[in-house]
Amino acid sequence: MDEEARSAVETLLGQVQAYREGAARLKDMLLANLVMVGEIPAATCQEEKRIRFIMDRFRECELDVISTDEAHNVLSVLPGRVGKDNILVCAHIDTWYGETVDHTVRVGTESIGGAGIADNSLGVAVLCTLPTILQELKVSFDANLILMGASQSLGRGNLQGIEFFLDHHPGAIRAGVCVEGVDLGRLSYRAIGMLRGEIIGRTVPNGVGNRAENRVIGALSETIRLIEEIPMPSHPPTTINLGSVHAGDSFYQPVEEGSVKFEIRSAMKGMVPKLQLRLEEIVSRVTLERELELELEVIARRRNGGLEFEHPLPAFTRSVMKQLGVRPLVRPSVGELSSLIARNIPGVTLGITERTRGVEAREAVRIEPMFAGIAQLVAMLQAIDFGICDGDNE
Amino acid sequence: MATTNDGWLDANTFHHSAFWDLLKLIELKEQKNLTISLCIPTLNEANTIGKEIVIFKSELMTRYPLLDEIAVIDSGSTDKTREVAASFGADVYLDEEILPEKGNKRGKGENLWKAIYQLKGDIIVYVDADIKNIHPRFVYGLVGPLIYNDETHYVKAFYDRPLAYSQGIRPSGGGRVTEILVRPLFSLFFPELSAVIQPLSGEYAVRRQVLERIAFPIGYGVETAHLLDVYRQWGMSAFAQTDLDRRVHRNQTTVALGRMSFGILQTFLVRLQKFGIINDLAEINRIYRHFEAQDRKYRLNEKSIQEEERPPMIEIAAYREKFAVDA
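Note that this is a predicted model, so its numbers are computed, not measured.

1. As for the overall build of chain A
Here is step 1: From N to C terminus, chain A includes 11 helices and 17 strands.
Here is step 2: Against the compact-globule benchmark of 21 Å for 394 residues, chain A has a radius of gyration of 23 Å, which places it among compact chains.
Here is step 3: By principal-axis analysis of the C-alpha atoms, chain A measures approximately 75 × 45 × 40 Å.
Here is step 4: When burial is assessed residue by residue, chain A has 57% of its 394 residues classed as buried.
Here is step 5: By sequence separation, contacts in chain A at least 24 residues apart represent 81% of the contacts at least 6 residues apart.
Here is step 6: Approximately 17,300 Å² of chain A is accessible, and the part contributed by carbon and sulfur atoms is 49%.

This is how it looks when you write it as structure tokens:
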């Protein structure tokens, strides 16, 4: 970054308060987008209606280039003054909630709540409102700004949307900013090693495993016990979380199939493959001892990596947050950022607002902090445009 | 078998999607020099009012300037309805502060009537505040027929979104009170009006010239009275109806529906007599009675339901002065 660019980046810090005020002037539009996005169910791989809504919003912003791709990402481009390369802003469009869940959004004076509001309807609403926000703030870029609603991100989606985009986009991506609804202050610039999978137990047709009714449940219980006995290093943090156990639906019917879903996370390089090996050993052992079929299916995998603490991009993000009175919450990512990191594209994940503190049945977020969240996003995009990451991915 | 209503139904029944082109709608509205006000009558609607204001203000004022005014007319909510509505930029009025010299009566019809005085639009759209799945279509679907067709004066909402039906023809219509009370009454006395699919829906858009010339029952009978009075004065061609797909709202108990039916029936009978359709109607009782039981003990509950009416606004001198119109 040359001296002129460095000076331009420093000037940005003096503008973030004005950006916050400018974003607040578009409160109605942001909240309306949030309500409308939030009330469209978009479980992973069922994002069509949300895609149509986002495309309509982009069209209404009079953006010329609007498209979807084979992986059902929705994309638009704000052409840059020079247009030599691209900056990516992405928000995943899928949520954890299907059609059968009540998607009514509740709007209060201080907060807004509903299924999937924080993860990630708010990120999508910011993406939809961003062209208008930039216009309001009179901010434009030398680079093209690619706005991307990333599909098939969560769970079994396994980041298929962004993976497809990054594999097939013809132009250079200078850097990326991933937008999540929460938490304001979130600063992710490293991907954590992660492996997400499912251990499935089944009785063997006509096999000895069918003798006793509780074979599957017993085998899964034994598997869980053995997993819990695996010694974990305390530093850097390493965990195996069990997120779901399912077997059977009645009081007395023999169970023919059951499963345990798990996620391994570790910041220690090489630790995730080691733990995967341990789980595979446990699965083999229980299979033999319990005389039934047990298999381990890997659903998603992320590799460790990313930017260093001192890198100008996270360093500037911390300065922007300080300017806005926001406390940074540094945490590794397993989301879209890890796809950028895997391709040596510098990037960060930012959160837009705070969760409400209280007894909300579903996700609810605070309205007021959203404008600080948007201000930091705009400042980060400008800093990237001024060249804060230059030299990283050449 | 064809009915006399088939022609009207075909020509005057729309789906909201016919009016999705808001830019075109706004262009026509401006050509015709029309102003449109949205009125949301409220009583303790703090949970849903914020969302309605946010959606309508952003989508139909800021993004597409279809509405010139968004007003909440409140009947004295004890929750934060007025505070929430004002915080999102609606004009908020307490009904008792509008035309205070005319006193104040309790009931949704009172708010609707006072809105005619308070709001400035050539068209007023009324939308209830308890709609959970609010969407801009609740407004543009109703004003669309008025903007496109100068002969249409009163547009009523209906909601028809079948989830699954195996045959080609399916029943379609309103709620329990509509199907058990209002539709049989219309079929008996005003068969043409039975073409209105949901006569009791709380969402409608009306031209001021019509609103100012019809009476307003302050309670349950206001929608029924409107249909009868507009039909009487302007005929069936004044009406249109728009399918708004689906409306998610609170369900009412059977007892509440009984009270509603009692009010509607009063309004209906009064009009039958006024129109000379029935004569010598005995003094009708205004006490609604229903039973409650505990074990083998039965108790008769009584509730006074007086369907009072406000006169046509044009008869109010302050209104004529404000809007410079003659009676």
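2. Topic: the overall build of chain B
Here is step 1: When its secondary structure is counted, chain B shows 11 helices and 12 strands.
Here is step 2: The globule rule puts the C-alpha radius of gyration for 327 residues at 20 Å, and the 20 Å found for chain B is close to it.
Here is step 3: With respect to the principal axes defined by its C-alpha atoms, chain B has extents near 60 × 55 × 45 Å.
Here is step 4: Expressed as a percentage of its 327 residues, the buried residues of chain B come to 53%.
Here is step 5: For chain B, the share of sequence-separated contacts (at least 6 apart) that also reach a separation of at least 24 residues comes to 74%.
Here is step 6: Accessible surface, chain B as shown: approximately 15,100 Å² in total, 50% of it carbon and sulfur.
Here is step 7: In chain B, the 40 positive side-chain charges and the 44 negative ones have mean positions that sit 4 Å from each other.

3. Topic: the interface of chain A and chain B
Here is step 1: The interface is formed by 18 residues belonging to chain A together with 19 residues belonging to chain B.
Here is step 2: Regarding the contact of chain A and chain B, the summed buried area is about 1,600 Å², with carbon and sulfur atoms giving 58% of it.
Here is step 3: For the chain A face of the interface with chain B, the top three residues by lost area are A:Asp28, A:Val107 and A:Thr109, together amounting to 34%.
Here is step 4: Run the count over chain A and chain B and you get 4 salt bridges.

4. Structural notes on the state of the cysteines
Residue and element names in this part refer to chain A.
Here is step 1: Applying the stated criterion to the full structure yields 0 disulfides over all chains.
Here is step 2: Residue Cys128 stays outside any disulfide, its sulfur separated by 8.1 Å from that of Cys61, the closest cysteine.
Here is step 3: Note on Cys128: relative accessible area 1%, which makes it buried.

5. Here's the deal with the packing of helix α9 (residues 312-323) of chain A against helix α11 (residues 370-386) of chain A
Residue and element names in this part refer to chain A.
Here is step 1: Look at α9 against α11: their axes get within 10 Å of each other, and the N-to-C directions meet at 145 degrees. Read as a crossing pair, α9 and α11 show a hand that is right-handed. Here α9 contributes Leu313, Phe316, Thr317, Val320 and Met321 to the contact with α11, which in turn contributes Gln376, Ala379, Met380, Ala383 and Ile384.
Here is step 2: A per-class count over the contact of α9 with α11 returns 8 nonpolar, 2 polar and no charged.

6. Brief notes about the sheet that holds strand β4 (residues 91-94) of chain B
All names here are of chain B.
Here is step 1: Spatial strand order, β1-β9-β6-β7-β5-β2-β3-β4: 8 strands in an open sheet with mixed pairing. For this open sheet the edge positions go to β1 (13-15) and β4, each flanked by a neighbour on one side alone. Going across the sheet, the axis of each strand differs from the next one's by a mean of 20 degrees, ignoring polarity.
Here is step 2: The sheet contact formed by β1 and strand β9 (residues 239-243) spans 3 bridges and is parallel. Paired with His15 across the two strands is Asp243, which belongs to β9.
Here is step 3: Running at roughly 160 degrees to strand β3 (residues 69-74), helix α3 (residues 46-63) makes contact with β2 (36-42) and β3 of the sheet.

7. Points about helix α6 (residues 160-168) of chain A
Here is step 1: Regarding α6(A), the residues found buried are A:Gly161, A:Ile162, A:Phe164, A:Phe165 and A:Leu166.
Here is step 2: Contacts made by the buried residues of α6(A) are with β2 (74-78), β3 (86-92), β6 (144-150), β7 (173-182) and α10 (336-342) of chain A.

8. Some points on the pairing of β3(B)
The side chains of a regular strand alternate between the sheet's two faces.
All names here are of chain B.
Here is step 1: Buried residues dominate β3, accounting for 6 of its 6 residues.
Here is step 2: Relative to β3, β2 runs parallel, the two sharing 6 bridges. Within β3, the position partnered with Pro41 by the bridge is Ile73.
Here is step 3: Of the strand pairs in this sheet, β3 and β4 are connected by 4 bridges, and their pairing is parallel. Across the sheet, Ile73 pairs through a bridge with Tyr93, a residue of β4.
Here is step 4: On the question of chirality, the crossover connecting β3 to the parallel β4 by way of helix α4 (residues 81-87) is right-handed.

9. Describing the pairing of β9(B)
Residue and element names in this part refer to chain B.
Here is step 1: Of all 5 residues in β9, 5 are buried; the element is thus mostly enclosed.
Here is step 2: Burial along β9 is two-sided: Phe239, Gln241 and Asp243 facing one way and Ala240 and Thr242 facing the other are all buried.
Here is step 3: Where strand β6 (residues 154-158) meets β9, 5 bridges bridge the pair, whose relative direction is parallel. The partner of Tyr154 across the bridge, within β9, is Phe239.

The rules behind each value
Residues numbered from 1 in each chain as written. Chains lettered and ligands numbered in written order. Predicted model: local features only at pLDDT ≥ 70, side-chain atom pairs only at ≥ 80, totals over all residues. Heavy atoms only, no water. Helix = DSSP H or I, 4+ residues; strand = E, 2+ residues; numbered from the N terminus. Rg over C-alpha atoms; globule rule 2.2 N^0.38 Å. Buried < 20%, exposed > 50% of the residue type's maximum accessible area, 1.4 Å probe, protein only. Contact = heavy atoms within 4.5 Å. Areas by Shrake-Rupley, 256 points an atom, 1.4 Å probe, with all protein chains shown as cover. Lys, Arg positive; Asp, Glu negative; His and termini not counted. Charge placed at Lys NZ, Arg CZ, Asp CG, Glu CD. Buried area = accessible area lost by both parts, 1.4 Å probe. Salt bridge = Lys/Arg side-chain N within 4 Å of Asp/Glu carboxyl O. Disulfide = S-S within 2.5 Å. Axes fitted to C-alpha atoms, helices over the stretch in contact; angles between N-to-C directions. Left-handed = near helix turned anticlockwise from the far one by under 90°. Nonpolar A, V, L, I, M, F, W, Y, C, P; charged D, E, K, R; others polar. Pairing = 2+ DSSP bridges. Right-handed = clockwise from strand over helix to strand, strands pointing away.

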